[in-house]
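Geometric and topological summary
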Number of protein chains: 2
Amino acid sequence: MATIGIDLGGTKIQAIRLQKSGTGRRLPARFGELADGGDYTGPVGSGYEVTGTFRLATPASAGPGEIADAVAAAAKEAGVDDVTGVTIGFAGPVDHGRGVVVRAPNLPAFGESVSFARLVQERISIPVALENDVNVAVAGEHRLGAGKGSRDLVGIWMGTGIGGGLILDGSLRRGPHGLAGEIGHMVVRFRGRRPPAGVRGSVEAYAGRASMQSTAERWAKRGRNTSLLRIMKARGRDRATSGVFHRAYEKGDSVTVKLVGEAEFAVGVGAASLVNALDLDRVVIGGGVADRFGDEMIARVASVMRSHLIAPDDAPDVVGARLGDLAGALGAALLAEGL
Amino acid sequence: MATIGIDLGGTKIQAIRLQKSGTGRRLPARFGELADGGDYTGPVGSGYEVTGTFRLATPASAGPGEIADAVAAAAKEAGVDDVTGVTIGFAGPVDHGRGVVVRAPNLPAFGESVSFARLVQERISIPVALENDVNVAVAGEHRLGAGKGSRDLVGIWMGTGIGGGLILDGSLRRGPHGLAGEIGHMVVRFRGRRPPAGVRGSVEAYAGRASMQSTAERWAKRGRNTSLLRIMKARGRDRATSGVFHRAYEKGDSVTVKLVGEAEFAVGVGAASLVNALDLDRVVIGGGVADRFGDEMIARVASVMRSHLIAPDDAPDVVGARLGDLAGALGAALLAEGL
């Protein structure tokens with residue numbers, strides 16, 4: 001008996017086959033780095049073992065049928081023998097109950113309201129479920145990574161946008177419309193910064209990489225000098241990656257230092273709001289920006305959070321994600337156990 | 001078979017005896033007004049009936065023993081025959097699991113970490129549980145009042161402070177430390193207003209009556225003229241009640257209009273943050289300020305909320321509380337069913 005978890009993003013499809021082997025109680029040291037290649041097999045802690053893995057490029061310009069073909073191929077390469085269920089973590093809003101992709105922000109030809117779980121199920125004849133991609137990553141961290149031992153946690157994923165997921169009383173929070181976990185759209189400064197898209201004054205307006213870049217560009221137009229955009233262009237890019245932000249930050253570029261400080265402040269305040277409202281015992285910070293900036297960023301977020309808690313004596317631990325690139329596929333495989 | 005719910009506040013103790021009678025599917029019209037006297041008996045909807053009630057003044061300067069005597073007396077007056085459990089909604093942080101009052105902000109001689117459930121149970125020989133007072137009120141509204149039909153709601157109580165409670169997947173959210181529901185301490189404007197106590201830039205800093213009064217006093221010291229404080233003094237009070245705020249607002253006092261507008265904005269933004277993070281289908285607004293300002297305040301809060309939602313098509317209904325002064329005791333009685 002095994003399950004398959006699939007992380008379906010705009011650039012790659014990652015499939016893993018997971019089973020309970022009874023061996024390996026602990027996650028291997030430096031698992032995050034091992035995982036980033038995508039072809040890890042072996043123990044992942046808590047008696048689970050990855051027994052198959054496959055990664056391929058997403059045919060991003062294709063329609064739902066061709067993308068379902070690719071997902072089915074990835075599952076078959078990971079190994080579908082004895083597999084009881086497949087869960088797909090999808091980068092966009094999904095209706096979990098109906099197995100429908102509501103919208104596919106990264107897949108221009110995908111369309112809306114696609115019964116994607118059914119499309120994949122027709123190809124592999126195994127029950128298939130859909131989840132939001134950040135939700136599966138948070139579920140993975142909860143069960144095998146940085147959230148182990150917690151029953152009430154928030155995961156905050158710092159990337160192009162700010163994603164999130166909540167585990168409450170041990171279970172993934174989905175909500176009546178399947179929309180729960182949009183931590184990035186919590187307002188932390190009303191009448192505050194306007195992001196390129198989304199909610200004014202939100203965590204994402206201050207901490208999403210796309211919004212941070214747009215702020216830097218606005219400031220640059222007003223004559224505020226920044227090496228952030230110069231480094232970006234020197235690397236031949238039109239998007240400031242986490243690496244670009246980190247390089248400009250290390251050089252002490254004042255615009256970047258200010259933007260990163262605001263981002264940390266917004267994430268810390270958002271975490272505090274959730275802890276005050278929900279009473280949580282763990283905060284897990286993941287995503288490309290957090291991975292690149294590392295423990296010092298985590299520590300600064302934690303400090304801001306603590307200074308905004310109503311019960312600082314019960315402050316939750318703030319920790320970095322540990323499962324690297326495999327968090328989503330692992331979490332998806334774990335959630336597939338119930339199918 | 002019946003249960004007793006007790007609302008233990010700084011000024012009064014309200015006990016009600018509740019039982020399933022099978023009659024009365026709907027809450028009586030204008031129940032909130034009927035309830036405010038505190039001595040209502042009769043149907044309360046969903047087949048429940050109040051079969052006994054008692055209200056007395058809290059001996060606020062007494063210690064835990066004497067207050068337990070008063071609570072036990074109130075329960076006995078409401079009628080303890082065939083009662084299977086008693087839940088006490090307490091105005092302050094409680095450890096539900098251990099039946100302990102952590103702190104009693106309104107009862108100066110009460111002390112900390114008091115095993116208050118046990119003290120009452122010794123006096124009436126019926127299982128006794130403790131809950132936070134806003135949590136029981138939200139549970140009451142959920143089952144019998146403005147939250148009926150919802151499984152995922154937040155209650156926001158606008159009074160001296162801003163209290164709150166969450167129903168998630170049909171159950172009261174308590175959290176690992178029993179501290180969940182502190183909606184008032186969510187940050188809606190980081191580096192924003194400092195309240196007399198609590199978290200900077202929080203909902204309560206803008207919308208709690210005590211913080212609003214302190215802001216008005218600060219502005220008055222700087223020479224900003226306001227009839228709010230004049231009306232308060234003319235009524236011989238040193239605290240601006242909801243009635244004082246409402247009178248000054250109706251007279252068009254610019255300071256009061258600004259403060260109330262900010263309060264509505266902060267509550268609306270806080271509600272939006274919770275809806276974005278948790279995906280809720282109902283927002284219930286209660287408390288003395290909301291009761292006094294009525295439906296127009298609810299509508300303004302709803303409008304602010306909607307303008308900060310990431311999925312406005314799925315916006316929850318925003319409704320006023322319906323159970324008036326009996327919400328807490330009713331919710332406590334309902335929660336006592338499991339004892």
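In this text, all values refer to a predicted model and were calculated from it rather than measured experimentally.

Each value, and the rule that gives it
Residues numbered from 1 in each chain as written. Chains lettered and ligands numbered in written order. Predicted model: local features only at pLDDT ≥ 70, side-chain atom pairs only at ≥ 80, totals over all residues. Helix = DSSP H or I, 4+ residues; strand = E, 2+ residues; numbered from the N terminus. Rg over C-alpha atoms; globule rule 2.2 N^0.38 Å. Buried ≥ 20, exposed ≤ 12 C-beta atoms within 10 Å, placed from the backbone. Contact = placed C-beta atoms within 7 Å. Least-squares fit on C-alpha atoms with pLDDT ≥ 70 in both. Domains from an automatic or database assignment. Expected span 1.5 Å × (residues − 1). Pairing = 2+ DSSP bridges. Axes fitted to C-alpha atoms, helices over the stretch in contact; angles between N-to-C directions. Nonpolar A, V, L, I, M, F, W, Y, C, P; charged D, E, K, R; others polar. Parallel < 35°, antiparallel > 145°, perpendicular 65-115°, else oblique. Core = buried A, V, L, I, M, F, W, Y, C linked by C-beta atoms within 7 Å.

**Considering the overall build of chain A**
Of regular secondary structure, chain A possesses 11 helices and 13 strands. Since a compact globule built from 339 residues should have a radius of gyration of about 20 Å, the 20 Å found for chain A is in line with a globular shape. Seen through its C-alpha atoms, chain A measures out along the principal axes to roughly 60 × 45 × 40 Å. The 339 residues of chain A split such that 57% are buried. Put simply, of all contacts in chain A between residues at least 6 apart along the chain, 66% involve residues at least 24 apart.

**Comments concerning the relation of the copies chain B and chain A**
For the pair chain B and chain A, the best superposition has an RMSD of 0.0 Å and corresponds to a rotation of 180° with a translation of 0.0 Å parallel to the axis. Both copies are brought into coincidence by an operation consistent with a two-fold rotation axis. The rotation axis passes nearest to the C-alpha of Arg189(B) in chain B, at a distance of 1.8 Å. Mapped onto chain A, 100% of the interface residues of chain B again fall at the interface, so both copies present the same surface.

**Description of the domain arrangement of chain A**
Residue and element names in this part refer to chain A. What the domain assignment lists for chain A is domain 1 (2-145 + 325-338) and domain 2 (153-321). Domain 1 and domain 2 are separated by 25 Å when their C-alpha centres are compared. Contacts between domain 1 and domain 2 engage 15 residues on the former and 15 residues on the latter.

**Some thoughts on helix 9 (residues 254-278) of chain A**
All names here are of chain A. The end-to-end C-alpha distance of helix 9, which contains 25 residues, comes to 36 Å, matching closely the 36 Å that a straight helix rising 1.5 Å per residue would cover. In terms of residue burial, helix 9 counts as a mostly covered element, since 19 of its 25 residues are buried. Downstream of helix 9 by one or two residues, Asp279 has phi in the positive range, about 60°.

**Some details on the sheet that holds strand 9 (residues 153-158) of chain B**
All names here are of chain B. The five strands lie next to each other as 11-10-9-12-13, forming an open sheet whose pairing is mixed. Both edges of this open sheet fall to strand 11 (171-172) and strand 13 (317-320), since each of them pairs with a single strand only. Contacts from helix 4 (residues 133-144) reach strand 9, strand 10 (162-168), strand 11 and strand 12 (282-286), with the element oriented near 50° to strand 10.

**Digging into the interface of chain B and chain A**
Facing the 34 residues of chain B at the interface are 34 residues of chain A. Looking at which element gives the most residues to the side of chain B that touches chain A, the answer is helix 9 (residues 254-278) of chain B, with eight residues. Taken together, the residues that form the side of chain B that touches chain A break down as 18 nonpolar, eight polar and eight charged.

**Structural notes on the pairing of strand 4 (residues 48-57) of chain B**
Residue and element names in this part refer to chain B. The sheet contact formed by strand 2 (residues 12-20) and strand 4 spans nine bridges and is antiparallel. Across the sheet, residue Lys12 finds its bridge partner in strand 4, namely Ala57. Bridge analysis of strand 3 (residues 42-45) against strand 4 gives three bridges, and the strand direction is antiparallel. Considered in strand 4, the bridge of Pro43 is made with Glu49. The turn linking strand 3 back onto strand 4 is made up of two residues, and Ser46 within it adopts a positive phi angle of 55°.

**Thoughts on unusual backbone geometry**
All names here are of chain A. The backbone of Asp82 sits at a positive phi, close to 60°, despite the residue not being glycine. Its place among the elements puts Asp82 in the loop between helix 2 (64-78) and strand 5 (83-90). Judged by the 11 C-beta atoms lying within 10 Å of it, Asp82 falls in the exposed class. Not every positive phi belongs to a glycine, and Ser125 is a case in point at roughly 55°.

**What to know about the packing of helix 4 of chain B against helix 11 (residues 327-335) of chain B**
Axes are the key here: two packed helices are described by the angle between their axes and the distance separating the axes. All names here are of chain B. Running from amino to carboxyl end, helix 4 crosses helix 11 at an angle of 80°, the nearest separation of the two axes being 7 Å. With respect to helix 11, the element helix 4 is oriented roughly perpendicular. From helix 4, Asp133, Val136, Ala137, Val138, Ala139, Gly140, Glu141, Arg143 and Leu144 reach across to helix 11, where they touch Ala327, Gly328, Leu330, Gly331, Ala332, Leu334 and Leu335. When grouped by side-chain class, the residues that make up the contact of helix 4 with helix 11 number 10 nonpolar, three polar and three charged.

**Some details on the sheet that holds strand 12 (residues 282-286) of chain A**
Residue and element names in this part refer to chain A. Reading across from one edge, 11-10-9-12-13 is the order of the five strands in this open sheet, with mixed pairing throughout. Each edge of the open sheet is held by one strand with a lone partner, namely strand 11 (171-172) and strand 13 (317-320). In this sheet, strand 12 lies alongside strand 9 (residues 153-158) in parallel orientation, the contact comprising five bridges. Within strand 12, the position partnered with Trp157 by the bridge is Gly286.

**Digging into the nonpolar core**
Judged by nonpolar contacts, the single largest core of 240 residues is most densely connected at Ile6(A), Val71(A), Leu330(A), Ile6(B), Val71(B) and Leu330(B). If we skip the residues at most four places from it in the chain, Val71(B) touches Ile6(B), Leu8(B), Ile13(B), Ile88(B) and Val120(B).

**Some words on the environment of Val319(B)**
All names here are of chain B. Mapped onto the fold, Val319 is located in strand 13. In this structure the C-alpha to C-alpha distance between Val319 and Asp279, which are 40 residues apart in sequence, comes to 17 Å. Contacts of Val319, omitting those with residues within four sequence positions, involve Ala146, Arg282, Val284 and Ile298.

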